[in-house]
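Single-letter residue listing:
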Amino acid sequence: MAYPNISAPLHDFREQKEKDLEAGKHDHGHDNDKHEESAANVTWKDRLKHFTFAWFAWTMSTGGVAFVLSVVPNRVESLIALGTAMFVINIIIYLSLTTIMITRFIVHPGTLWHALSNPHEGFFFATFWLSLATMITNTTAYGVPNSGPWLITALRIAFWTYTTCATLLAIFHYYVIFNAKALVITNVLPGWVLPIFPAMLVGTLASAIAKTQPAEHALPMLVAGLSYQGLGMIMSIAMYGIYFGRLMTSGLPADMSRPAMFIAVGPPSFTALALIGMAQDVVTTQIFPNYTKLEGITNQALIGDFLQLLALVISIFLWVLAFWFFMLAVIAAIEAVGRNDFHLNWYAYVFPNVGFTIATLKIGERLGSNAIQLVGTGMAAVLFFLWLLIMFCHAKAFKNRMICWPGKDEDAH
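The rules behind these values
Residues numbered from 1 in each chain as written. Predicted model: local features only at pLDDT ≥ 70, side-chain atom pairs only at ≥ 80, totals over all residues. Heavy atoms only, no water. Helix = DSSP H or I, 4+ residues; strand = E, 2+ residues; numbered from the N terminus. Buried < 20%, exposed > 50% of the residue type's maximum accessible area, 1.4 Å probe, protein only. Contact = heavy atoms within 4.5 Å. Areas by Shrake-Rupley, 256 points an atom, 1.4 Å probe, with all protein chains shown as cover. Polar contact = N/O pair within 3.5 Å; in protein donor to acceptor, adjacent residues only side chain to side chain. Phe/Tyr/Trp six-rings, centres within 6.5 Å; stacked < 30°, edge-to-face > 60°. Lys NZ or Arg CZ within 6 Å of the ring centre and 35° of its normal. Axes fitted to C-alpha atoms, helices over the stretch in contact; angles between N-to-C directions. Parallel < 35°, antiparallel > 145°, perpendicular 65-115°, else oblique. Nonpolar A, V, L, I, M, F, W, Y, C, P; charged D, E, K, R; others polar. Expected span 1.5 Å × (residues − 1). Core = buried A, V, L, I, M, F, W, Y, C linked by side-chain atoms within 4.5 Å.

1. Comments concerning the overall build of the protein chain
Now for step 1: Along the backbone of the protein chain there are 15 helices and 0 strands.
Now for step 2: Each of the 413 residues in the protein chain was classed as buried or not, and the buried ones make up 53%.
Now for step 3: For the protein chain, contacts bridging at least 24 residues in sequence account for 84% of all contacts bridging at least 6.
Now for step 4: When the accessible surface of the protein chain is split by element, carbon and sulfur atoms take 69% of a total near 18700 Å².

Right, here's the structure in full:
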């Protein structure tokens, strides 16, 4: 099946599917002969042309699952070893995918601009940077305990380098999209907010890295993390209004676009875990009152406790919003599961729910609730096995020419 419009209305997709099926009844034999002939003519070089940025959703999700394993409570040694192995293997896969992508742009001139300016593939450019963010975050979990002080400095440099790149991406990538091709507002999907996601994850990075830094370096990191987390969440709220309007007026997305509904779970989830983590880092690094003071605050020692309480209250508020989006996406995905062939957007089943799972665990930890932490641990287990299943489907789809094939990928538009 050819890759459909990423956000085509459901009724249009079903009507087209019915027409395709009807046509297939009259010309089935001819189509099979034509398919075999065209398949024989497609070389690996031809397939390379259709190796899109959506492949980085694989490393994004793999890094996300490794991150989840690093925060699961009461971890045994085997779980730590598994997370470490996933962390290392994901770096290797990321470097391999990057090499293949560069080769694509060299072998097929013009594909770089087309990839960035075509919204159907261009939105997935963010997954390249989100994969990088997960690897930096995992370095704090799996690298810092097993290395020297040099890594602390390296993480600080990586944080500010990533923040700079994410800022440029959030500005210029949207500018390219705004000018390259007009999108139809009735076809909006949560995926339209993806270019702002790398900037939003600056908050998650800050929450993971700041606690390893001296107070003089932790404070600017946390200020940047809070600022960019706010940017990402506010941009997402703006998109939610358009997205909800689309659902009310145009119905659910096409079957193959249903996984993208889970992207809406991400912003409130990652904001919740980032706020809790950054508030804890303020206390861990003893920024107040040992390093600096806030003017007008009588008891500086209470600032850390107040920030932790405020972060927890806001996180619970955001968690419920994420839960609503999650359940809506689950029901829509289950309803379409029999009609939905694999595509790389299936990894949207995983990465947004990484934030949802960690937010659940963090809230349970702060409330001292073993029940909530048990639920979060169960979510982590489901997420891990879902990731395994999707990777199996990914390999099968590549082997069966369902992806990386002319007319079947995001670059087909």
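2. Here's the deal with the environment of Gly266
Now for step 1: Relative to the elements of secondary structure, Gly266 occurs in helix H11 (residues 266–284).
Now for step 2: We classify Gly266 as buried; its relative accessible area is 0%.

3. What about the side chain of Arg258?
Now for step 1: Inspection of the secondary structure assignment puts Arg258 in the loop between helix H10 (215–250) and H11.
Now for step 2: Taking the relative accessible area as the measure of exposure, Arg258 reaches 0% and is therefore buried.
Now for step 3: Among the polar contacts listed, one links the side chain of Arg258 to the backbone oxygen of Pro253, at a separation of 2.8 Å.

4. So, the environment of Leu205
Now for step 1: Tracing the chain through its elements places Leu205 in helix H9 (residues 197–209).
Now for step 2: Leu205 gets classed as buried once you look at its relative accessible area, which sits at 0%.
Now for step 3: For Leu205, the contacting residues outside a window of four places in its chain are Ala133, Ile136, Thr137, Phe159 and Tyr162.

5. Regarding the packing of aromatic side chains
Now for step 1: Taken as a whole and assessed by the stated rule, the structure comprises 31 aromatic pairs.
Now for step 2: Both rings, one in Tyr174 and one in Phe178, keep their centres 5.6 Å apart while their planes meet at 25°; by these two values the pair is stacked. Taken together, the residues span about one helical turn, with Tyr174 and Phe178 both in helix H8 (residues 150–180) at a distance of 4 residues.
Now for step 3: Here Phe178 falls in the exposed class, since its relative accessible area comes to 62%.
Now for step 4: Their ring planes at 40° and their centres at 5.7 Å tell us that Phe384 and Trp387 sit as a pair that is tilted. In this pair, Phe384 and Trp387 both sit in helix H15 (residues 370–399), 3 residues apart, roughly one turn of the helix. An identical accessibility class is assigned to Phe384 and Trp387; each is buried.
Now for step 5: Its guanidinium or amino end placed over the ring of Phe398, Arg47 lies 4.3 Å from that ring's centre, counting from NZ or CZ.

6. Quick look at the packing of helix H7 (residues 125–143) against H9
Now for step 1: One way to put it is that H7 packs onto H9 with a least axis distance of 10 Å and a crossing angle of 0°. In terms of their interaxial angle, H7 and H9 are classed as roughly parallel. Counted together, Ala126, Trp129, Leu130, Ala133, Ile136, Thr137 and Thr140 of H7 and Phe197, Pro198, Leu201, Leu205, Ala208 and Ile209 of H9 form the full contact between these two elements.
Now for step 2: Along the lines of polarity and charge, the residues of the contact of H7 with H9 split into 11 nonpolar, 2 polar and no charged.

7. A few points about H7
Three- or four-residue spacings in an α-helix give side chains the same orientation, since the helix completes a turn every 3.6 residues.
Now for step 1: Relative to the 27 Å expected for 19 residues at 1.5 Å per residue, H7 spans 27 Å between its end C-alpha atoms, a close match to the ideal helical length.
Now for step 2: A large share of H7 lies buried, amounting to 17 of its 19 residues.

8. What to know about helix H4 (residues 77–107)
Now for step 1: Compared with the 45 Å implied by 1.5 Å per residue over 31 residues, the 45 Å span of H4 between its first and last C-alpha is a close match.
Now for step 2: Listed in full, the buried residues belonging to H4 are Gly83, Met86, Phe87, Asn90, Ile93, Tyr94, Leu97, Thr98, Met101, Arg104 and Phe105.
Now for step 3: Check the buried side of H4 and you find it contacts helix H2 (44–48), helix H3 (56–71), helix H5 (111–117), helix H6 (119–122), H7 and H15.

9. Regarding the side chain of Glu121
Now for step 1: You can see Glu121 is positioned in helix H6.
Now for step 2: Within polar-contact distance, the side chain of Glu121 engages the backbone nitrogen of Phe53 at 3.1 Å.

10. Examining the nonpolar core
Now for step 1: If you look at the biggest cluster of nonpolar residues, it comprises 116 residues, and the most contacted ones within it are Phe53, Trp55, Phe159, Tyr162, Phe197 and Phe342.
Now for step 2: When residues of this core are assigned to their parent elements, the largest contribution, 11 residues, is made by H10.
Now for step 3: Contacts of Tyr162, omitting those with residues within four sequence positions, involve Trp129, Leu132, Ala133, Ile136, Pro198, Leu201, Val202 and Leu205.

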